[in-house]
Amino acid sequence: VKITADRLRRLLSYDPASGLFTRLEACPGHAAGSPVGTVADRGYRVIKIDGKSYKAHRLAWLHVTGRWPAQHVDHVNGDTSDNRWVNLREATRSQNLANSRRYKNSTSAFKGVAWHKASRRWSASIQVHGRRCHLGLFDTAHEAHARYVEAARRLFGEFARAA
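These notes cover the structure that comes with them. The shown structure was predicted, so the numbers you read here are calculated from the model rather than taken from an experiment.

1. Quick word on the sheet that holds strand β9 (residues 121–128)
Hydrogen bonds between backbone atoms are what pair the strands of a sheet, whose relative direction is either parallel or antiparallel.
At step 1: Strand order in this open sheet of three strands is β8-β9-β10, and the pairing throughout is antiparallel. Taken across any chain shown, the strands that pair with only one partner, and hence form the sheet edges, are β8 (113–116) and β10 (131–138). Averaged over all pairs of adjacent strands, the angle between their axes in this sheet comes to 35°, without regard to strand direction.
At step 2: When β8 meets β9, the two strands line up antiparallel, connected through four bridges. Note that in β9 the partner of V113 across the bridge is A124.
At step 3: Lying on the sheet, helix α4 (residues 141–156) is in contact with β8, β9 and β10; it crosses β9 at an angle near 15°.

Below you can see the structure in the form of structure tokens.
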């Protein structure tokens, strides 16, 4: 069972300007007013409440709005440790992925661009609703990336991240 907004607000204070949570009451080994949470995989801050771990950005959403997000909470600037309220927005999975950075194992310096060995050209593609859409083959990585950026802006608007 997930924590309720009322219980969360009784246990923790959330500062929308800094994105930090602090304890409202002391507990063994922790003073009231002390910060809570640890940094876990990929930089996400995780907070344990009643033996269950929650990502801090989802708790921030619950704390401010009084409800759990319908799907995902996206970090506008892409920094998963930045849980300031102005940096959080509700998103679908596709929108959240659209705002992600280029994969580190990419064969190009550009998001959405890879070398197509068979044609010896650069391929542009984008993922929409879990399906990869081929955008074409290009002579340069810059041309392929321009096509990716155009498609991302059209499909994802404010969630589109080019790099």
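Next comes the rest of the account.
2. Some remarks on helix α2 (residues 56–65)
Every α-helix carries 3.6 residues per turn, so stepping three or four residues along brings you back to the same face.
At step 1: Among the ten residues in α2, seven count as buried, and that is most of the element.
At step 2: Regarding α2, the residues found buried are A56, H57, L59, A60, W61, L62 and H63.
At step 3: Remark: G66 follows α2 within two positions and exhibits a positive phi of approximately 85°.

3. Quick notes on the side chain of T80
At step 1: Note that T80 resides in the loop between β6 (72–75) and β7 (88–91).
At step 2: The buried category is assigned to T80, whose relative accessible area is 15%.
At step 3: Among the polar contacts listed, one links the side chain of T80 to the backbone oxygen of R42, at a separation of 2.5 Å.
At step 4: Apart from residues lying up to four places away in sequence, T80 is in contact with R42, G43, Y44, R45 and H75.

4. As for the layout of surface pockets
Leftover empty space is mapped by rolling, across the atoms, a probe with the size of a water molecule.
At step 1: Estimates place the volume of the largest pocket at around 780 Å³.
At step 2: As for the largest pocket, its lining consists of 20 residues, of which R42, Y44, T80, S100 and R101 are closest to the centre.
At step 3: Elements with a contribution of two residues or more to the lining of the largest pocket: α2, β6 and α3 (93–98).
At step 4: The element best represented in the lining of the largest pocket is β6, accounting for four residues.
At step 5: For the lining of the largest pocket, a count of residues per class yields four nonpolar, eight polar and eight charged.

Conventions and cut-offs
Residues numbered from 1 in each chain as written. Predicted model: local features only at pLDDT ≥ 70, side-chain atom pairs only at ≥ 80, totals over all residues. Heavy atoms only, no water. Pairing = 2+ DSSP bridges. Helix = DSSP H or I, 4+ residues; strand = E, 2+ residues; numbered from the N terminus. Axes fitted to C-alpha atoms, helices over the stretch in contact; angles between N-to-C directions. Contact = heavy atoms within 4.5 Å. Buried < 20%, exposed > 50% of the residue type's maximum accessible area, 1.4 Å probe, protein only. Polar contact = N/O pair within 3.5 Å; in protein donor to acceptor, adjacent residues only side chain to side chain. 1 Å grid on protein atoms, 1.4 Å probe; cavity = no way out; pocket = protein on both sides within 12 Å on 5 of 7 lines; lining within 4 Å. Points joined across faces, edges and corners; volume = space filled by probe spheres on them. Nonpolar A, V, L, I, M, F, W, Y, C, P; charged D, E, K, R; others polar.

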